[in-house]
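# A structural walkthrough
Here is what each chain is made of, one letter per residue.
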Amino acid sequence: MDPQSKTMRIAIYGRPFNDQAALPFIQQVFDSLSQHEVEIYVHHQLNGYLAGKINTVAYNVLNNGDKIKGFIDLFITLGGDGTLLDMVALIRDSGVPIMGINFGRLGFLASVNKSDIAVAIHAVVNKQYTLDSRGLLSVESDQQVLGDHNFALNDITIHKRDDSAMITTHMFLDGEFLNSYWGDGIIIATATGSTAYSLSCGGPIIFPQSNSIVVTPVSPHNLNVRPIVLPDTSVLSFDVECRSANYLLSCDSGTAMVDKPIKFHVRKADFQLNLIRLSNESYLSTLRNKLLWGLDARNY
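Since this is a predicted model, take the numbers as computed values, not measurements. (Residues numbered from 1 in each chain as written. Predicted model: local features only at pLDDT ≥ 70, side-chain atom pairs only at ≥ 80, totals over all residues. Heavy atoms only, no water.)

### Description of the environment of Thr 192
Keep this limit in mind: Helix and strand definitions follow DSSP, with helices as H or I runs of at least four residues and strands as E runs of at least two, each counted in order from the N terminus. Here the term buried applies to any residue with accessible area under 20% of the maximum for its type, exposed to any over 50%, and partly exposed to those in between, with areas from a 1.4 Å probe on protein chains only. Only heavy atoms matter for contacts: two residues are in contact if any of them lie within 4.5 Å across the pair. Definition of a polar contact: a pair of N or O atoms within 3.5 Å, with one able to donate and the other able to accept a hydrogen when the atoms are protein atoms, and with sequence-neighbouring residues admitted only if both atoms are side-chain atoms.
Mapped onto the elements of the fold, Thr 192 is located in the loop between β12 (185-190) and α5 (197-200). By relative accessible area, which is 7% here, Thr 192 ends up buried. In this structure, Thr 192 is in contact with Leu 109, Arg 134, Leu 153 and Asn 154, ignoring residues within four places of it in sequence. A distance of 2.9 Å separates the side chain of Thr 192 from the side chain of Arg 134, its partner in a polar contact.

### Focus: the pattern of salt bridges
To be explicit about the condition: Salt bridge, as used here, is a side-chain nitrogen of Lys or Arg placed within 4 Å of a carboxyl oxygen of Asp or Glu.
Considering all chains together, one arrives at six salt bridges under this definition. Put simply, Asp 132, Arg 134 and Arg 277 are held in one network by salt bridges that share partners.

### Re unusual backbone geometry
The phi torsion of most residues other than glycine is negative, and most of the peptide bonds are trans. A positive phi angle, close to 50°, is found at Arg 92, a residue other than glycine. One non-glycine residue, Lys 127, adopts positive backbone phi at about 55°.

### What about the packing of helix α1 (residues 23-34) against helix α4 (residues 117-125)?
Working note: a packed helix pair is described by the angle between its axes plus the distance between those axes. As a reminder, the rule being used: For every element, the axis is a line fit to its C-alpha atoms; helices are fit only across the contacting stretch, and the angle between N-to-C directions ranges from 0 to 180 degrees. Crossing chirality is assigned from the near helix's rotation relative to the far helix, an anticlockwise turn below a right angle marking it left-handed and a clockwise turn marking it right-handed. Gly is placed with the polar residues, together with every amino acid not listed as nonpolar (Ala, Val, Leu, Ile, Met, Phe, Trp, Tyr, Cys and Pro) or charged (Asp, Glu, Lys and Arg).
Close contact between α1 and α4 brings their axes to 9 Å; oriented N to C, the two are set at 35°. Our pair here, α1 against α4, has a crossing hand that is right-handed. Between α1 and α4, the residues in contact are Phe 25, Gln 28, Val 29, Ser 32 and Leu 33 and Ile 117, Ala 118 and Ile 121, respectively. Considering only residue class, the contact of α1 with α4 consists of six nonpolar, two polar and no charged.

### Notes on the nonpolar core
Cut-off, in case you're wondering: Working definition of a nonpolar core: buried Ala, Val, Leu, Ile, Met, Phe, Trp, Tyr and Cys residues. They are joined through side-chain atoms within 4.5 Å.
Counting 32 residues, the largest nonpolar core has Ile 26, Leu 33, Ile 76, Leu 78, Met 99 and Ile 101 as its most contacted members. Only β1 (8-14), α1, β2 (38-43), α2 (44-50), β4 (74-79), β5 (98-102), α4 and β18 (263-278) provide two or more residues apiece to this core. Sort the elements by how many residues they give to this core and α4 lands first, with six residues.

### Let's talk about α1
Helical geometry note: an α-helix holds 3.6 residues per turn, so side chains three or four residues apart project in the same direction. Rules: An expected span of 1.5 Å times one less than the residue number is assigned to each helix.
Helix length check: α1, at twelve residues, gives a terminal C-alpha distance of 17 Å against a target of 16 Å (1.5 Å per residue), a fit within 8%. Buried within α1 we find Leu 23, Ile 26, Gln 27, Val 29, Phe 30, Ser 32 and Leu 33.

Here is the structure:
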């Protein structure tokens, strides 16, 4: 690092791990960071889990409400895509970039393999990376049932409860009625989220640079209903009817139960999330690796 530059501040976030097999890789993260002149900050949730489990160098604890914007230079998440999605609510519009180290199975967002920890940390400390800016969606209503966690990197979903009958979702596009969906619910996904829940329900894969969103029905009652791709400048409005007393509204991993008539408005958020991409990464290589494209299944 340039001796004239300020010391880089790197924060680490992770959920508590059920599998103790993750501990050696967490240890490697701290060992790799300690080889560089950086200040380490550990989110209080991970700090509580790590107590007494690994040998660590000196670090600071990052608590809720602590300053992030203009203070933390980048975040490292330890886990899968769900762990990285947790960071959206914490980072919000601060612009702090994120590098996800994948301890999970798939890892579209947390794209750094745990076998590449030392190489990845060396690259980010020396600023040998590019930023992949991703758009988000926000949901608004008179009731603000999700509070200030009303934005999503992957998707916003309207879904029936597991034990309830199907729901009817009336959708309006820029104020004009588009369709009524009968079924388990609908997914409003960003291009980033097109490879998540939407894909498993038959939605298309959308490139991040496409400036599009996709609305995908979940188990539709009428089989002629199909996913629809819309420009991300659209404003979508929703009215929901259900026989039961309530249904679910989710932004990524955050979920609220709605028990009163509410009209929702979904639109592109006014900020983006910055994902760190190393020189050996590309969206196409991620698709091929994660979806096993190009493999000859006849050999297995």
